[in-house]
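Structural characterization, general
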Amino acid sequence: FFFFFFFLMIRRPPRSTLSSSSAASDVYKRQGGKNFHLIHPSADVPTVVAGTIRSAFEYQGQKCSACSRVFAPKSKWDEIRAGLLDVHGKLKMGQPDNFENFMCAVIDEASYNKSVHYIETAKKEKCEVLAGGGYSREKGWFIDPTILVTKDLKTTTLREEIFGPVVTVYVYDDTQPGAWENICSEIDKGTEYGLTGSIFSLDRAATRTAQDILRYASGMLYINDKCTGAVVGQQPFGGARASGTNDKPGGASFVERWVQPRTIKETLINMPQVSYPHQLPDSFSAPPSL
């Protein structure tokens, strides 16, 4: 080859202001999420139950990736419901220095008040309190792990981030034509966030369909696993929409957020010709160097 191309990354200089839209490229932003568990009729119910309980109630639901909305098929709801109630009844809550406790209090009064607000809002909106729904501040900011069931896709707790141990279930009628595609579309447009989500399905075609429809609904997509617990160094983390800039810290692409490209071409032979190859023999050239 007569020349080489060099592609370099030059560190971006820091900006003193965010007044222009171009400054956004120098900012990494990660905010909250309204993360989903989508359940196909083919899913393994014990896996669904365990994953949902863990994702919704670990750390008292105080994770940006915590599951806070579940979409369950009508044909499997009785089985899923029984499993959720069974495991929920065995959860222990208390002080964090007792390792037998699965949950403890939420972080502070503001978090406590926020969870209480959403639980009471759900009751006013006629949601069924399947489990939990209680709270107490006598010995700490304790919120019972709460499972709500709604028949309305516009229910507040199905759309807004809570950041507490509250999860809302919507049961869709999987006997209707196009039910799977329709519920995927409802999930996609149901909230402003796009952080994490899970598809529980043993039907590969259904899984692929959901992946396509939910392409922009979650920056972190899990299949047959809970929507929390990204492994550091293996699952670069982030989401889009109101959840952030989706730059994936922990991955190689994250470096590009803080650099800008520069292309350099260096020619290694002398090239005095002026005419192009289709004009050969060369009718004129630049004069030789003196």
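Residues numbered from 1 in each chain as written. Predicted model: local features only at pLDDT ≥ 70, side-chain atom pairs only at ≥ 80, totals over all residues. Heavy atoms only, no water.

**Description of the sheet that holds strand E8 (residues 166–172)**
Across the sheet, which stays open at both edges, the 7 strands sit in the order E4-E7-E8-E3-E2-E10-E11 with mixed pairing between neighbours. Two strands bound the open sheet, and with one partner strand each, they are strand E4 (128–131) and strand E11 (220–223). Strand-to-strand twist across the sheet, computed as the mean angle between neighbouring axes with direction ignored, equals 20°. The sheet strands contacting helix H1 (residues 45–57) are strand E2 (35–39), strand E3 (67–73), strand E7 (146–150), E8 and strand E10 (196–200), and the helix crosses E2 at an angle near 170°. (Pairing = 2+ DSSP bridges. Helix = DSSP H or I, 4+ residues; strand = E, 2+ residues; numbered from the N terminus. Axes fitted to C-alpha atoms, helices over the stretch in contact; angles between N-to-C directions. Contact = heavy atoms within 4.5 Å.)

**A closer look at empty space enclosed by the protein**
Per the stated rule, a full pass over the model turns up 1 cavity of 30 Å³ or more. For the lining of the largest cavity, the residue count by class is 6 nonpolar, 5 polar and 2 charged. (1 Å grid on protein atoms, 1.4 Å probe; cavity = no way out; pocket = protein on both sides within 12 Å on 5 of 7 lines; lining within 4 Å. Points joined across faces, edges and corners; volume = space filled by probe spheres on them. Nonpolar A, V, L, I, M, F, W, Y, C, P; charged D, E, K, R; others polar.)

**Focus: the pattern of salt bridges**
Summed over all chains, the structure comprises 11 salt bridges. Across the pair Lys63 and Glu58 runs a salt bridge whose closest N-O atoms are separated by 3.2 Å. Glu58 sits in the buried class, given a relative accessible area of 14%. A salt bridge links Asp86 to Lys90; the nearest nitrogen and oxygen atoms lie 3.4 Å apart. For Asp86, a relative accessible area of 42% gives the class partly exposed. Several salt bridges converge on common partners, so that one network encompasses Arg54, Glu58 and Lys63. (Salt bridge = Lys/Arg side-chain N within 4 Å of Asp/Glu carboxyl O. Buried < 20%, exposed > 50% of the residue type's maximum accessible area, 1.4 Å probe, protein only.)

**Some thoughts on the layout of surface pockets**
A volume near 260 Å³ is recorded for the largest pocket. Contributing to the lining of the largest pocket are 15 residues, with Ala230, Val231, Val232, Gln235 and Phe237 lying nearest its centre. Looking at the lining of the largest pocket residue by residue, the class counts come to 7 nonpolar, 6 polar and 2 charged.

**Digging into the packing of aromatic side chains**
All told, the structure shown has 3 aromatic pairs when counted by the stated rule. With a centroid separation of 6.4 Å and 55° between ring planes, the pair formed by Phe71 and Tyr170 is classed as tilted. With Phe71 in strand E3 and Tyr170 in strand E8, this residue pair connects regions lying 99 residues apart in the sequence. Neither Phe71 nor Tyr170 differs from the other in exposure class; each is buried. Between Tyr112 and Trp141, the aromatic rings sit 5.6 Å apart at their centres with planes inclined by 50°, giving tilted as the arrangement. Separated by 29 residues along the polypeptide, Tyr112 in helix H3 (residues 109–124) and Trp141 in the loop between strand E5 (135–136) and strand E6 (142–143) bring together distant segments of the chain. Members of the aromatic cluster, each reached through a chain of ring pairs, are Tyr112, Tyr135 and Trp141. (Phe/Tyr/Trp six-rings, centres within 6.5 Å; stacked < 30°, edge-to-face > 60°.)

**What about the packing of helix H4 (residues 179–189) against helix H5 (residues 204–213)?**
In the contact formed by H4 and H5, the axes pass within 9 Å of each other and the chain directions differ by 30°. Considering the angle they form, H4 stands roughly parallel to H5. Crossing angle aside, the handedness with which H4 passes H5 is right-handed. Residue-level inspection shows Trp180, Glu181, Cys184, Ser185 and Asp188 of H4 in contact with H5, the latter providing Ala206, Thr209, Ala210 and Ile213. Of the residues assigned to the contact of H4 with H5, the class counts are 5 nonpolar, 2 polar and 2 charged. (Parallel < 35°, antiparallel > 145°, perpendicular 65-115°, else oblique. Left-handed = near helix turned anticlockwise from the far one by under 90°.)

**Comments concerning the side chain of Lys34**
Residue placement: Lys34 occurs in the loop between strand E1 (3–11) and E2. Within the structure, Lys34 has its side chain in polar contact with the side chain of Ser68 (distance 3.3 Å). If we skip the residues at most four places from it in the chain, Lys34 touches Ser68, Arg69, Thr157, Leu158, Arg159, Glu160, Glu161, Ile162, Thr191 and Tyr193. (Polar contact = N/O pair within 3.5 Å; in protein donor to acceptor, adjacent residues only side chain to side chain.)

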